[in-house]
Amino acid sequence: MLQSCFRSTNKILVLPSSNSGDCDFGDDFLNFLPCIKRRVRKDYHRIITASFNDLLLLYSEVREDYILNFKPGFCEYCICNPLTKQWITLPHLPFNSNKDNVIVGFTCDPYSCDTEQGCKTHAHYRYKVVRIHSPIQPNTTQLRMQIFSSVTGEWCNSVVSSPQGLNSFNLRSKNVGVVVCNAMLHWVDYNYEGVLQGIVVFDPFNDAERCRYIHRPIGFSSIESSISLGVFRGHLRMIQHPSPWGYGYRPNARSFSIWELEDYDNGGTWCLKHKVYFKDMILEHPGLAKLAKESSSPIVLLPAFHPNDEKILFFQHRNYILRCHLQTMVLEIVDELEETRENLVYSAKSVFLLEQQSWPSPVPPLPLKSK
(Lines give C-alpha, C1' and ligand atoms only; values in the text may rest on other atoms or scores of the structure.)
Protein backbone atom coordinates (compact mmCIF):
# COMPACT_ATOMS: atom_id res chain seq x y z
CA MET A 1 0.00 0.00 0.00
CA LEU A 2 1.14 3.50 -0.79
CA GLN A 3 -0.31 6.50 0.96
CA SER A 4 0.65 9.90 -0.45
CA CYS A 5 0.11 12.64 2.11
CA PHE A 6 0.01 16.02 0.39
CA ARG A 7 0.32 18.65 3.10
CA SER A 8 -1.46 21.90 2.35
CA THR A 9 -2.39 24.96 4.37
CA ASN A 10 -5.71 23.52 5.41
CA LYS A 11 -5.56 19.73 5.27
CA ILE A 12 -3.64 16.57 4.46
CA LEU A 13 -4.73 14.71 1.36
CA VAL A 14 -4.22 10.97 1.72
CA LEU A 15 -4.16 9.40 -1.73
CA PRO A 16 -4.30 5.58 -1.67
CA SER A 17 -2.70 3.44 -4.31
CA SER A 18 -4.55 0.70 -6.16
CA ASN A 19 -3.62 -1.88 -3.53
CA SER A 20 -4.34 0.22 -0.45
CA GLY A 21 -7.04 -2.13 0.77
CA ASP A 22 -9.46 -0.89 3.40
CA CYS A 23 -7.03 1.31 5.28
CA ASP A 24 -8.43 4.81 5.66
CA PHE A 25 -6.40 7.41 7.49
CA GLY A 26 -8.87 10.25 7.13
CA ASP A 27 -8.28 13.72 8.54
CA ASP A 28 -7.48 12.46 12.04
CA PHE A 29 -5.02 9.70 11.30
CA LEU A 30 -2.49 11.11 13.81
CA ASN A 31 -4.84 11.81 16.69
CA PHE A 32 -3.42 8.89 18.71
CA LEU A 33 -0.39 11.07 19.54
CA PRO A 34 -0.51 13.05 22.82
CA CYS A 35 1.12 16.10 21.24
CA ILE A 36 -1.55 16.05 18.52
CA LYS A 37 -4.48 15.76 20.92
CA ARG A 38 -3.31 18.77 22.89
CA ARG A 39 -3.27 21.02 19.83
CA VAL A 40 -5.97 22.58 17.76
CA ARG A 41 -6.94 19.79 15.37
CA LYS A 42 -6.75 21.89 12.20
CA ASP A 43 -3.11 22.78 12.87
CA TYR A 44 -1.63 19.33 13.39
CA HIS A 45 -0.66 18.80 9.76
CA ARG A 46 1.97 21.51 10.03
CA ILE A 47 4.34 19.37 12.04
CA ILE A 48 4.98 16.47 9.65
CA THR A 49 8.67 16.84 8.78
CA ALA A 50 9.90 13.67 7.07
CA SER A 51 9.06 10.04 6.35
CA PHE A 52 10.79 6.72 5.87
CA ASN A 53 8.73 3.78 4.54
CA ASP A 54 5.86 3.57 7.04
CA LEU A 55 7.43 5.85 9.68
CA LEU A 56 6.83 9.58 10.10
CA LEU A 57 8.93 12.21 11.84
CA LEU A 58 6.88 15.00 13.37
CA TYR A 59 7.89 18.30 14.89
CA SER A 60 6.09 20.63 17.28
CA GLU A 61 7.31 24.20 17.53
CA VAL A 62 8.09 25.38 21.04
CA ARG A 63 6.64 28.60 22.38
CA GLU A 64 8.82 30.30 24.96
CA ASP A 65 5.85 30.91 27.26
CA TYR A 66 5.02 27.21 27.10
CA ILE A 67 8.57 26.21 28.02
CA LEU A 68 8.23 28.13 31.26
CA ASN A 69 5.07 26.18 32.06
CA PHE A 70 6.16 22.73 30.98
CA LYS A 71 3.41 20.14 31.14
CA PRO A 72 3.38 16.38 30.53
CA GLY A 73 2.56 15.36 27.00
CA PHE A 74 4.61 18.13 25.38
CA CYS A 75 6.85 17.01 22.52
CA GLU A 76 9.29 18.50 20.04
CA TYR A 77 10.29 15.64 17.74
CA CYS A 78 8.23 12.49 17.59
CA ILE A 79 8.58 9.32 15.51
CA CYS A 80 5.48 7.26 14.85
CA ASN A 81 4.04 4.52 12.69
CA PRO A 82 0.47 5.57 11.71
CA LEU A 83 -0.34 1.99 10.68
CA THR A 84 0.50 0.39 14.04
CA LYS A 85 -0.01 3.57 16.13
CA GLN A 86 3.35 3.11 17.82
CA TRP A 87 5.15 6.31 18.74
CA ILE A 88 8.01 7.72 20.77
CA THR A 89 9.08 11.25 21.63
CA LEU A 90 12.73 12.26 21.40
CA PRO A 91 14.69 14.10 24.10
CA HIS A 92 14.34 17.87 24.01
CA LEU A 93 16.74 20.08 22.13
CA PRO A 94 18.29 23.19 23.69
CA PHE A 95 15.55 25.80 23.67
CA ASN A 96 17.38 28.25 21.41
CA SER A 97 17.75 25.55 18.74
CA ASN A 98 14.22 26.23 17.52
CA LYS A 99 15.22 29.62 16.14
CA ASP A 100 18.06 28.29 13.99
CA ASN A 101 17.90 28.11 10.18
CA VAL A 102 17.90 24.35 9.66
CA ILE A 103 16.64 21.61 7.40
CA VAL A 104 15.88 18.20 8.88
CA GLY A 105 16.46 14.66 7.66
CA PHE A 106 15.27 11.32 9.02
CA THR A 107 16.78 8.00 7.96
CA CYS A 108 16.76 4.37 9.07
CA ASP A 109 19.20 1.52 8.60
CA PRO A 110 18.51 -2.22 9.04
CA TYR A 111 21.46 -3.20 11.22
CA SER A 112 20.35 -6.72 12.18
CA CYS A 113 17.59 -9.23 11.53
CA ASP A 114 16.00 -12.43 12.73
CA THR A 115 17.48 -15.03 10.39
CA GLU A 116 15.04 -17.72 11.54
CA GLN A 117 11.99 -15.57 10.86
CA GLY A 118 13.46 -14.00 7.73
CA CYS A 119 15.43 -10.80 7.30
CA LYS A 120 13.02 -9.30 4.81
CA THR A 121 10.13 -9.17 7.27
CA HIS A 122 11.93 -9.15 10.62
CA ALA A 123 14.68 -6.55 10.24
CA HIS A 124 15.70 -4.41 13.22
CA TYR A 125 16.25 -0.74 12.43
CA ARG A 126 18.34 1.99 13.94
CA TYR A 127 17.45 5.54 13.01
CA LYS A 128 18.92 9.02 13.06
CA VAL A 129 17.35 12.45 12.96
CA VAL A 130 19.71 15.06 11.54
CA ARG A 131 19.26 18.83 11.92
CA ILE A 132 21.50 20.51 9.34
CA HIS A 133 22.34 24.12 10.15
CA SER A 134 22.62 26.60 7.31
CA PRO A 135 26.16 27.82 6.56
CA ILE A 136 26.47 31.36 7.85
CA GLN A 137 28.88 32.46 5.14
CA PRO A 138 28.93 31.40 1.46
CA ASN A 139 31.58 28.93 0.29
CA THR A 140 31.68 27.24 3.69
CA THR A 141 33.36 23.81 3.81
CA GLN A 142 32.12 22.84 7.27
CA LEU A 143 28.56 22.17 8.35
CA ARG A 144 27.19 22.23 11.87
CA MET A 145 24.69 19.49 12.69
CA GLN A 146 22.67 18.12 15.58
CA ILE A 147 22.19 14.37 15.29
CA PHE A 148 19.92 12.12 17.31
CA SER A 149 20.77 8.41 17.38
CA SER A 150 18.34 5.70 18.47
CA VAL A 151 21.34 3.66 19.63
CA THR A 152 22.54 6.21 22.20
CA GLY A 153 19.16 7.88 22.77
CA GLU A 154 20.85 11.28 22.74
CA TRP A 155 21.40 14.36 20.61
CA CYS A 156 24.99 15.25 19.80
CA ASN A 157 26.61 18.23 18.13
CA SER A 158 28.73 17.50 15.10
CA VAL A 159 30.86 19.37 12.56
CA VAL A 160 30.93 17.76 9.11
CA SER A 161 33.36 18.67 6.34
CA SER A 162 32.46 19.13 2.68
CA PRO A 163 34.76 18.81 -0.37
CA GLN A 164 32.91 21.73 -1.94
CA GLY A 165 32.17 25.18 -0.57
CA LEU A 166 28.49 25.37 0.36
CA ASN A 167 26.02 28.24 0.29
CA SER A 168 23.55 29.38 2.91
CA PHE A 169 20.07 27.90 2.77
CA ASN A 170 17.56 29.99 0.88
CA LEU A 171 13.82 29.60 0.38
CA ARG A 172 14.29 27.24 -2.55
CA SER A 173 16.66 24.87 -0.80
CA LYS A 174 14.40 24.79 2.25
CA ASN A 175 11.35 24.05 0.11
CA VAL A 176 13.13 21.08 -1.48
CA GLY A 177 14.14 19.88 1.98
CA VAL A 178 16.00 16.64 2.66
CA VAL A 179 15.37 13.48 0.63
CA VAL A 180 16.54 10.01 1.71
CA CYS A 181 17.95 7.62 -0.87
CA ASN A 182 19.77 4.42 0.14
CA ALA A 183 19.64 5.58 3.79
CA MET A 184 21.66 8.71 2.89
CA LEU A 185 20.44 12.31 3.15
CA HIS A 186 20.37 14.57 0.08
CA TRP A 187 19.67 18.29 -0.20
CA VAL A 188 20.25 20.96 -2.86
CA ASP A 189 22.88 23.68 -2.89
CA TYR A 190 21.90 26.99 -4.55
CA ASN A 191 24.28 29.92 -4.92
CA TYR A 192 23.35 33.46 -3.93
CA GLU A 193 22.04 34.12 -7.45
CA GLY A 194 19.53 31.31 -7.12
CA VAL A 195 21.30 28.93 -9.52
CA LEU A 196 21.58 25.25 -8.61
CA GLN A 197 25.20 24.21 -8.00
CA GLY A 198 24.77 20.62 -6.92
CA ILE A 199 23.45 18.18 -4.34
CA VAL A 200 24.99 17.50 -0.93
CA VAL A 201 25.02 13.89 0.32
CA PHE A 202 25.48 12.83 3.93
CA ASP A 203 25.65 9.25 5.23
CA PRO A 204 25.17 9.45 9.02
CA PHE A 205 25.66 5.70 9.52
CA ASN A 206 28.88 5.02 7.59
CA ASP A 207 30.66 8.36 7.16
CA ALA A 208 29.51 10.84 9.76
CA GLU A 209 32.54 13.14 9.45
CA ARG A 210 32.17 14.32 5.86
CA CYS A 211 29.70 14.99 3.09
CA ARG A 212 29.84 14.13 -0.58
CA TYR A 213 28.99 16.57 -3.35
CA ILE A 214 27.25 15.75 -6.62
CA HIS A 215 27.49 18.44 -9.27
CA ARG A 216 24.50 19.34 -11.38
CA PRO A 217 24.06 17.45 -14.67
CA ILE A 218 26.13 18.35 -17.72
CA GLY A 219 23.88 20.28 -20.05
CA PHE A 220 21.74 21.46 -17.17
CA SER A 221 20.21 24.80 -18.14
CA SER A 222 22.03 27.77 -16.64
CA ILE A 223 18.80 29.76 -16.25
CA GLU A 224 17.11 29.74 -12.89
CA SER A 225 15.17 26.54 -12.37
CA SER A 226 12.94 25.14 -9.70
CA ILE A 227 14.17 21.76 -8.52
CA SER A 228 12.51 18.90 -6.69
CA LEU A 229 14.17 15.68 -5.55
CA GLY A 230 12.58 12.24 -5.57
CA VAL A 231 13.50 8.57 -5.36
CA PHE A 232 12.57 5.54 -7.43
CA ARG A 233 13.83 2.11 -6.38
CA GLY A 234 17.05 3.32 -4.87
CA HIS A 235 17.80 5.87 -7.61
CA LEU A 236 17.91 9.58 -6.87
CA ARG A 237 15.83 11.65 -9.27
CA MET A 238 15.67 15.36 -9.90
CA ILE A 239 12.82 17.22 -11.57
CA GLN A 240 13.65 20.52 -13.21
CA HIS A 241 11.26 23.13 -14.51
CA PRO A 242 11.68 26.88 -15.14
CA SER A 243 11.06 29.07 -12.14
CA PRO A 244 8.61 31.94 -12.63
CA TRP A 245 10.46 34.13 -10.12
CA GLY A 246 13.93 34.60 -11.44
CA TYR A 247 16.04 36.11 -14.17
CA GLY A 248 15.96 34.17 -17.40
CA TYR A 249 12.47 32.72 -16.98
CA ARG A 250 10.98 31.80 -20.35
CA PRO A 251 7.17 31.78 -20.44
CA ASN A 252 7.20 29.50 -23.50
CA ALA A 253 9.27 26.82 -21.76
CA ARG A 254 6.24 24.63 -21.21
CA SER A 255 8.03 21.48 -20.13
CA PHE A 256 9.82 19.79 -17.28
CA SER A 257 12.75 17.37 -17.19
CA ILE A 258 13.40 14.29 -15.07
CA TRP A 259 17.03 13.37 -14.39
CA GLU A 260 18.23 10.18 -12.70
CA LEU A 261 21.55 9.59 -11.00
CA GLU A 262 23.29 6.45 -12.25
CA ASP A 263 26.48 4.70 -11.12
CA TYR A 264 25.99 6.16 -7.66
CA ASP A 265 28.92 4.34 -6.02
CA ASN A 266 31.45 5.78 -8.48
CA GLY A 267 30.55 9.43 -8.14
CA GLY A 268 27.34 9.35 -10.13
CA THR A 269 26.37 10.25 -13.67
CA TRP A 270 23.16 12.11 -14.45
CA CYS A 271 20.93 10.68 -17.16
CA LEU A 272 18.03 12.59 -18.68
CA LYS A 273 15.15 10.11 -18.32
CA HIS A 274 12.23 12.20 -19.54
CA LYS A 275 11.58 15.54 -21.19
CA VAL A 276 7.88 16.20 -20.76
CA TYR A 277 6.08 18.80 -22.90
CA PHE A 278 2.64 19.85 -21.76
CA LYS A 279 1.54 20.39 -25.36
CA ASP A 280 1.88 16.64 -25.95
CA MET A 281 -0.27 15.63 -23.01
CA ILE A 282 -3.67 14.00 -23.33
CA LEU A 283 -5.99 15.79 -20.93
CA GLU A 284 -8.80 13.45 -19.92
CA HIS A 285 -10.70 15.89 -17.73
CA PRO A 286 -12.56 19.04 -18.83
CA GLY A 287 -11.12 20.88 -15.84
CA LEU A 288 -7.66 20.53 -17.38
CA ALA A 289 -8.58 22.31 -20.61
CA LYS A 290 -7.36 25.63 -19.24
CA LEU A 291 -4.00 24.01 -18.48
CA ALA A 292 -3.32 23.60 -22.20
CA LYS A 293 -4.22 27.22 -22.89
CA GLU A 294 -2.01 28.84 -20.27
CA SER A 295 0.66 31.13 -21.66
CA SER A 296 3.13 30.38 -18.89
CA SER A 297 4.67 27.07 -17.98
CA PRO A 298 2.63 25.02 -15.48
CA ILE A 299 4.46 24.69 -12.18
CA VAL A 300 5.15 21.12 -11.06
CA LEU A 301 4.77 21.07 -7.29
CA LEU A 302 5.36 18.19 -4.90
CA PRO A 303 6.36 15.54 -7.44
CA ALA A 304 6.25 11.97 -6.18
CA PHE A 305 7.13 8.84 -8.13
CA HIS A 306 5.02 5.73 -7.90
CA PRO A 307 7.13 3.16 -6.00
CA ASN A 308 6.48 0.35 -8.48
CA ASP A 309 5.92 2.06 -11.83
CA GLU A 310 8.59 4.45 -13.04
CA LYS A 311 6.27 5.80 -15.73
CA ILE A 312 3.83 7.34 -13.22
CA LEU A 313 4.42 10.72 -11.60
CA PHE A 314 2.11 12.50 -9.16
CA PHE A 315 2.24 16.26 -8.67
CA GLN A 316 0.19 19.31 -7.78
CA HIS A 317 -0.66 22.14 -10.14
CA ARG A 318 -2.87 24.91 -8.84
CA ASN A 319 -5.73 23.21 -7.00
CA TYR A 320 -5.34 19.82 -8.70
CA ILE A 321 -3.45 16.70 -7.65
CA LEU A 322 -2.48 15.12 -10.97
CA ARG A 323 -1.19 11.77 -12.18
CA CYS A 324 1.00 11.88 -15.26
CA HIS A 325 1.79 8.77 -17.29
CA LEU A 326 5.19 9.56 -18.77
CA GLN A 327 4.82 7.06 -21.63
CA THR A 328 1.23 7.53 -22.80
CA MET A 329 1.30 11.23 -21.81
CA VAL A 330 -2.16 10.93 -20.25
CA LEU A 331 -2.73 13.51 -17.51
CA GLU A 332 -5.48 12.68 -15.00
CA ILE A 333 -6.95 14.38 -11.96
CA VAL A 334 -6.51 12.30 -8.81
CA ASP A 335 -8.03 14.82 -6.44
CA GLU A 336 -9.14 18.42 -6.47
CA LEU A 337 -8.38 20.81 -3.64
CA GLU A 338 -10.90 23.34 -2.52
CA GLU A 339 -10.42 26.22 -4.93
CA THR A 340 -9.37 28.97 -2.60
CA ARG A 341 -6.91 31.74 -3.19
CA GLU A 342 -4.43 29.99 -0.86
CA ASN A 343 -4.56 26.79 -2.88
CA LEU A 344 -4.05 28.65 -6.15
CA VAL A 345 -0.87 30.22 -4.79
CA TYR A 346 1.20 27.13 -4.04
CA SER A 347 -0.44 26.21 -0.77
CA ALA A 348 1.04 22.74 -0.47
CA LYS A 349 4.51 22.43 0.99
CA SER A 350 5.49 18.77 1.20
CA VAL A 351 4.59 15.29 0.09
CA PHE A 352 5.24 12.21 2.20
CA LEU A 353 4.91 8.64 1.00
CA LEU A 354 3.84 5.99 3.49
CA GLU A 355 4.62 2.59 2.03
CA GLN A 356 3.19 -0.34 3.95
CA GLN A 357 5.84 -2.96 4.54
CA SER A 358 5.27 -6.72 4.54
CA TRP A 359 6.21 -6.41 8.20
CA PRO A 360 5.48 -3.03 9.86
CA SER A 361 8.53 -1.04 10.90
CA PRO A 362 8.71 -0.99 14.71
CA VAL A 363 9.41 2.17 16.64
CA PRO A 364 12.25 1.05 18.91
CA PRO A 365 12.21 2.32 22.51
CA LEU A 366 14.91 4.66 23.72
CA PRO A 367 17.81 2.92 25.49
CA LEU A 368 17.60 2.88 29.26
CA LYS A 369 19.92 5.32 31.02
CA SER A 370 21.88 4.18 34.05
CA LYS A 371 21.31 6.30 37.13
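Everything numeric in this text was worked out from a predicted model, so none of it was measured.

One open sheet holds the five strands; their spatial order is 19-23-22-21-20, and the pairing between them is mixed. Only two strands of the sheet have a single partner each, and these edge strands are strand 19 (282-283) and strand 20 (301-305). Across three bridges, the pairing between strand 20 and strand 21 (residues 312-317) is antiparallel. Residue pairing across strands places alanine 304 opposite phenylalanine 314, the latter belonging to strand 21.

Moving on, we get to the pattern of salt bridges. All told, the structure shown has eight salt bridges when counted by the stated rule. Among the salt bridges present, the one from glutamate 332 reaches arginine 323, with a minimum N-O distance of 3.2 Å. According to the relative accessible area criterion, glutamate 332 is partly exposed, its value standing at 27%. The exposure class assigned to arginine 323 is partly exposed, which follows from its relative accessible area of 27%. A cluster of three or more residues bridged by salt bridges with shared partners is formed by Asp207, Glu209 and Arg210.

Let's shift gears to unusual backbone geometry. Even without a glycine there, the phi angle at asparagine 182 is positive, about 55°. Overall, the relative accessible area of 45% leaves asparagine 182 in the partly exposed class. Despite not being glycine, alanine 183 shows a phi value in the positive range, around 70°. Within the secondary structure, alanine 183 is located in the loop between strand 11 (179-181) and strand 12 (184-190).

To continue, consider the environment of glutamine 137. Looking at where glutamine 137 falls in the secondary structure, it is placed in the loop between strand 8 (123-133) and strand 9 (140-149). Here glutamine 137 falls in the exposed class, since its relative accessible area comes to 52%. Not counting residues within four places of it along the chain, the set of residues in contact with glutamine 137 comprises Leu166 and Ser168.

A word on the nonpolar core. Ile79, Phe106, Val129, Ile132, Met145, Trp187 and Phe202 are the most contacted members of the largest nonpolar core, which has 36 residues in total. In terms of residues, this core owes the most to one element, strand 7 (residues 102-113), which gives five residues. Setting aside its immediate chain neighbours within four residues, isoleucine 132 contacts Asn101, Val102, Ile103, Leu143, Arg144, Met145, Phe169, Val178 and Trp187. Grouped together as the second largest cluster of nonpolar side chains are 19 residues, Leu196, Ile214, Ile227 and Leu261 included.

Here aspartate 109 is to be found in strand 7. Not counting residues within four places of it along the chain, the set of residues in contact with aspartate 109 comprises His124, Tyr125, Arg126 and Phe205.

Looking at the protein as a whole, the pLDDT averages 75, with 65% of positions reaching at least 70. Considering only residues more than four positions removed or in separate chains, one finds that residues 16-24, a stretch of pLDDT under 50, has eleven contacts. This stretch, residues 340-349, has a pLDDT under 50; its non-local contacts, to residues over four places away or in other chains, come to 28 contacts.

What counts, and at which threshold
- Numbering of residues starts from 1 in each chain and follows the order in which that chain's sequence is written.
- Reporting in this predicted model follows two pLDDT cut-offs: at least 70 for local features of residues, and 80 or more for side-chain atom pairs to be given and counted; totals over whole chains, interfaces and linings ignore these cut-offs and use all residues.
- Excluding hydrogens and water, the side-chain values take into account all heavy atoms of the structure.
- Each pair of strands is called paired provided DSSP finds at least two bridges between the two strands.
- The helix and strand labels rest on DSSP assignments: H or I over at least four residues marks a helix, E over at least two residues marks a strand, and numbering proceeds from the N terminus.
- For this analysis, a salt bridge means a side-chain nitrogen from Lys or Arg found within 4 Å of a carboxyl oxygen belonging to Asp or Glu.
- Burial classification: accessible surface area is computed with a 1.4 Å probe over protein chains only, and a residue below 20% of its type maximum counts as buried, one above 50% as exposed, and the rest as partly exposed.
- Contacts are assigned to residue pairs with any non-hydrogen atoms lying within 4.5 Å of each other.
- Working definition of a nonpolar core: buried Ala, Val, Leu, Ile, Met, Phe, Trp, Tyr and Cys residues. They are joined through side-chain atoms within 4.5 Å.
- Per-residue confidence from the predictor is given as pLDDT, running between 0 and 100.

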